[in-house]
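Residues per chain, in single letters:
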Amino acid sequence: MSKRVYLFTEGNAGMRNLLGGKGAGLAEMTKIGLPIPNGFTISTEACTDYYEENKTISEDTQRQIYEAMSWLEERQGKKFGDTEDPLLVSVRSGARASMPGMMDTILNLGLNDVSVEGFARKTGNPRFAYDSYRRFIQMFSDVVMGMSKTFFDSILDGTRRAKGYVYDYELTAEDLKDIISRFKAVYAEKMGQEFPQDPREQLMAAIQAVFRSWDNPRANSYRRMYDIPYSWGTAVNVQAMVFGNKGDTSGTGVAFTRSPSTGAKGIFGEYLINAQGEDVVAGIRTPQPITKLQEDMPEVYKQFIDSAKILENHYRDMQDMEFTIEEGKLYFLQTRNGKRTAQAALQIACDLVDENMITPEEAVLRIEAQSLDQLLHPNFDVQALKNGRVIGQALPASPGAAAGRVYFDADDAIAARTEGQRVILVRQETSPEDIEGMHAAEGVLTMRGGMTSHAAVVARGMGTCCVSGCGDMTVNEAEKYFELGGVTVREGDYISLDGSTGKIYLGDIPTVEASITGNFERIMKWADSFRRLRVRTNADTPADAENAVNLGAEGIGLCRTEHMFFAPERIPKIRRMILSDTTEEREAALNELIPYQKGDFKGIYKAMQGMPVTIRFLDPPLHEFVPTTEEDMRELADDMNLTLADVRARCDALHEFNPMMGHRGCRLSVTYPEIARMQTRAVIEAAIEVNAECGYHIEPEIMVPLVGDKKELDVVKKVIDSTAEQVKAEKGSDLVYHVGTMIEIPRAALMADSIAESAEFFSFGTNDLTQMTFGFSRDDAGKFLQDYYKSKIYEADPFAHLDQNGVGQLIEMAAAKAKKVRPDIHMGICGEHGGDPASIEFCNRAGLSYVSCSPFRVPIARLAAAQAEIKLRREAKES
Ligand code: PEP
Ligand code: MG
C-alpha cells in the first residue's frame, strides 16, 4: 500500500510537490495554529496513478479517502450523508504551481434532497440551506459534469427578473426551492440521469473531475505557456465546509499582505458579506474593500490582520489568502505566495531585503525572470496622453499601456492578432476559456469583476494590461459593441487602456518604451553580482544595439548581416550580385555594397562602446533576395542590361526544393568567395576606423555560419585571413580579429573537436540545430506541433525552449570535444533559446561563456543567468 492521502495534520510547507501548493499551505497553517477547517489532501501521486491506471482511482486510494473521511467525521462530530446534520465538504484542486484553467472548487458537497431538509432544520435557516444546495447543484453540474453554466444562469436570471430582484441574496427560501427543482430537471434532461443523491458518489466524481481537469485543453495550454511539466499532476483537497453565506455576520474574501499590483506594503483585498467563495472570484457582485471589514466586524478584522502578519513573517513573502467568516468566526482557506506583477515583485523583493527578511541572493531568486518582460512594456506617450479622450475609468487590474482594436471574443481576438492587428479584448467578464484570447491581446477590459477576478489575476500573470470591473459600461458581446461615456465602440474600433490608472481612452494612443530604474536597477545589480554567464544581444542595427546596451547587454553575440541588405537602396545591388554571371560582375556589385556594410558596422561598433561584436557572414539561401514581382524583375533587367526573360530564368535557376538545407551559410562563400571578401573588408575597415576615432580596442569576431566540417571552415577562413591581412596592410594597422563558427548542424557538433582546431570560438545556433536535429522545419512546424502537444509527444515548442535531452546532448558533447582541443575556447548560444530562462540555466550548467538574445530579453537573461548560478552553487554546497 502506498500512502496517497494526507491529513492536514500530517503535512507541511516542504511537501509542496506531493500535496500541491494549496495542500501544503493548509497543512502548514494547521501546524502554526491558524484557524483552518479540518481536512485532508489526496496527493499528486494519486493523480499520476489515476492516469497510469486508465483514469480510475484505485481501490486502495479510495479506501484511504474513506478512512480520512471517517477521521473528518469524528473531528467535526457529523456524519457524511447524515439526513439530519450532514457533514458537508469542499473539494478543490491544488497543483504545485497555481494554475488557472483547472477545476477550481466545489462547495457544499454532501447535500441531497433529503439532507438539505435536515440541514435547514438543524441550522434553523432554510434559505441558507436551499441556497447551499442550489450552489452545489450548479457547481457540480458545471465543473464535474461539464454542463454549460448558461442553463442555470438563465433559470436564476429568470427568477430574479420575475421577482424584481437585483441580487441573488434577495431570493427567498421558497424561490430557491423552486430553483432547485428546476435545476435538477435541467440536469436530468441534459445528462439523461437524475442528479446524484449518494454523497460518496458525489465525492468520487468530484475528485475524478479534479484529476481530469489536469488534462483539459485550457490547463494544457497554460502549462505550455508557463513551462509546467505534465508529469507533476495535481493534488485534491477535501475540507469541512465553513459557510460565508449564513447571513450578515458571515462573509468570504481574498486578501494580500502587500499590493499585488504595486508591491506597496499593507493589506489589500476584497470581501463580500453573506456570500460563498465563487461570488468574489466570478465578479457577480462587486466586493467591498477589506478595510470595510474593520467597520463591519472589528474583532474579526483585528484577528485577520494579526494572522496575516504571522503568515507573511512565516513565509517571508507576500501572502495571498482566502478566508471565510462564519457567524463571526474567521477561517483561513488558503495561503500562498501571492502572484504579482513584475513591478510589485521588484518592490516586494527590495522591501523584504530592507526589512531584513531576506538576503539579496534570495531577492534575486524571488523574481520570475520571464516576468521582467512586463516592465519592458510600453507606457503611453505623455504628450499624446494629454490629448487622449477618457471615456471611462475602472479598476487598474494589471499595469502597462495598451492600444488596439476592440474584439469581443477570444477567437476573434486570436484571428485579428494572427493578421498582425493589435487587439484589445473586451468581455463582460472573462473565464478560463478566454485565456488564449487574453494572451493574444495587448490589453483586456471587462465590465464585471474586482481586482481578484479571473481577468485581473490571469492578466497580471501574463503581464497583459487589464482594466476590470467597468460597471458603467454595457457590453453586447453578441452584437459586438460596447457603450461607455456616451460613446458606442464597435468591433475593430481603436481604444487605449492604462492598466496602472484604470483609464479607458477612445482611439489609438502612441506608446513609449520603458526604462530600467529604481528597484529594477537594484535587483539587476544584485543579479549581475551573482552570475557567471555573460549576456550579449542579437542586434543588426545601431538602434537595436543601443537599446540592448541600455538594457545591460555586454556585447553582440549575433549580428545577422543579411538583414542589412533589405533597405530599398541596397536590395537592387544585392540582386545584381546574385544574378551576375561572372566573378567580375559579382565583385563590382559587391563593391557597391561595401560602403553600406562598413557604415552599418561602424554604427554598431560605436553603439557597443568597445564591447565585443560578433558579425555573422551572409547566411540565407540567395533566392530570398531575388525579385518576385514583375515590376522588380523589369527594373533589375534594365539595371543589368538583360531581358525580362533572362532575369526570370536566372531567378528560377536559384530555386531550391529544400532551401533551408540548400545553398546557404558558408556554402555561399565556398562557391562565391568574393562575398566573404567583401564582408571581411567591411568588418576590418570599420573596426580599424572606429578604434582610431573612439580610442576603442575592438577585436572583431567574424562568425562563419552553417559549418559542418573543418575543411569547409578552412576554405572560408583562408579567404577571410588573406583579405583581413591585406586590409590591415593597406591601413597600416595591427588590428586583432577572431574567426569562429556557428554550431548549428548536427555534424558540426559531432565534429566539434576537429572544427575547434580552426575555430577560435563557437556559437550554438540552436534555431537551426533544433531544426536539423528534429528534422522539423522552423518555419512550418507550428502547424503540426499542436498535435504533438495533444498527443503528449512533446510538451513544449522546441524552438522556444531548448530540448535539453536531445539538442542539449549535442551542445554538451560539442563543448566537451572542443575544450579538449582548445581549452580556452569561447562558447555561447545565439539561437532564440538565449533569452529563455530554462535554456539559460542549461547553458550555465553546460559551461558556456555567454548567451545572446534579442535586446528586450537582455534583462531576463541577466536575471536568469544569476538564478542559474545561485542554484548551481547551492547544489554544489549541498552535495
Ligand atoms: C540559429 O540558427 O540559431 C541562428 C541564430 O541563426 P539564424 O536564426 O539566423 O538561422
Ligand atoms: Mg542559423
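Cut-offs and rules
Residues numbered from 1 in each chain as written. Chains lettered and ligands numbered in written order. Predicted model: local features only at pLDDT ≥ 70, side-chain atom pairs only at ≥ 80, totals over all residues. Heavy atoms only, no water. Helix = DSSP H or I, 4+ residues; strand = E, 2+ residues; numbered from the N terminus. Rg over C-alpha atoms; globule rule 2.2 N^0.38 Å. Buried < 20%, exposed > 50% of the residue type's maximum accessible area, 1.4 Å probe, protein only. Contact = heavy atoms within 4.5 Å. Axes fitted to C-alpha atoms, helices over the stretch in contact; angles between N-to-C directions. Left-handed = near helix turned anticlockwise from the far one by under 90°. Nonpolar A, V, L, I, M, F, W, Y, C, P; charged D, E, K, R; others polar. Pairing = 2+ DSSP bridges. Salt bridge = Lys/Arg side-chain N within 4 Å of Asp/Glu carboxyl O.

## With respect to the overall build of the protein chain
Phase 1: Scanning the protein chain from terminus to terminus reveals 34 helices and 31 strands.
Phase 2: Whereas a compact globule of 879 residues would reach a radius of gyration of roughly 29 Å, the protein chain reaches 32 Å, a difference of no more than 12%.
Phase 3: Along the three orthogonal principal directions, the C-alpha set of the protein chain runs to about 100 × 65 × 50 Å.
Phase 4: Taking all 879 residues of the protein chain together, 57% fall into the buried category.
Phase 5: For the protein chain, the share of sequence-separated contacts (at least 6 apart) that also reach a separation of at least 24 residues comes to 69%.

## A closer look at the packing of helix α4 (residues 115–123) against helix α5 (residues 126–144)
Phase 1: At a minimum axis distance of 8 Å, the contact between α4 and α5 shows a crossing angle of 145°. Handedness of the α4/α5 crossing: right-handed. Contacts from V116, E117, F119, A120 and T123 of α4 reach α5 at P126, F128, A129, Y130, S132 and Y133.
Phase 2: Grouping the constituent residues of the contact of α4 with α5 by class yields eight nonpolar, two polar and one charged.

## Digging into unusual backbone geometry
Phase 1: For E327, which is not glycine, the phi dihedral falls at a positive 45°.
Phase 2: Of note, E327 is situated in the loop between β9 (319–326) and β10 (329–337).
Phase 3: You will see that K792, though not glycine, has its phi angle at about 60°, which is positive.
Phase 4: With respect to the helices, strands and loops of the structure, K792 is situated in the loop between α31 (782–790) and α32 (807–821).

## Some points on the environment of A344
Phase 1: Looking at the secondary structure, you find A344 in helix α13 (residues 342–354).
Phase 2: On a C-alpha basis, the gap between A344 and T262 in space is 4.3 Å, while along the polypeptide they are 82 residues apart.
Phase 3: Setting aside residues up to four positions removed in sequence, A344 forms contacts with S259, P260, S261, T262 and G263.

## With respect to the sheet that holds strand β21 (residues 494–498)
Phase 1: Across the sheet, which stays open at both edges, the eight strands sit in the order β12-β22-β21-β14-β15-β16-β17-β13 with mixed pairing between neighbours. This sheet does not close on itself; its edge strands, each paired only once, are β12 (389–393) and β13 (395–398). Taking each pair of neighbouring strands and ignoring which way they run, the sheet shows an average axis angle of 30°.
Phase 2: When β12 meets strand β22 (residues 503–506), the two strands line up antiparallel, connected through four bridges. Opposite G392, over in β22, you have I504 as the bridge partner.
Phase 3: Relative to the sheet, helix α16 (residues 410–418) contacts β14 (401–407) and β15 (423–427), its axis offset from that of β15 by approximately 175°.

## Examining the pattern of salt bridges
Phase 1: What the rule picks out here adds up to 78 salt bridges.
Phase 2: With its nearest N and O atoms 2.7 Å apart, the salt bridge here joins D215 to K792. Placement of the pair is D215 in the loop between α8 (199–213) and α9 (217–226) and K792 in the loop between α31 and α32, with a sequence separation of 577 residues.
Phase 3: Across the salt bridge formed by R586 and E674, the nearest N and O atoms sit 2.7 Å from each other. In this pair, R586 sits in helix α22 (residues 583–607) while E674 sits in helix α26 (residues 673–694), placing the two residues 88 residues apart along the sequence.
Phase 4: On the basis of relative accessible area, E674 is assigned to the buried category, the value being 4%.
Phase 5: Salt bridges linked by common partners bring K598, K602, K606, R681, E685, E689, E693, E730 and K731 together as one network.

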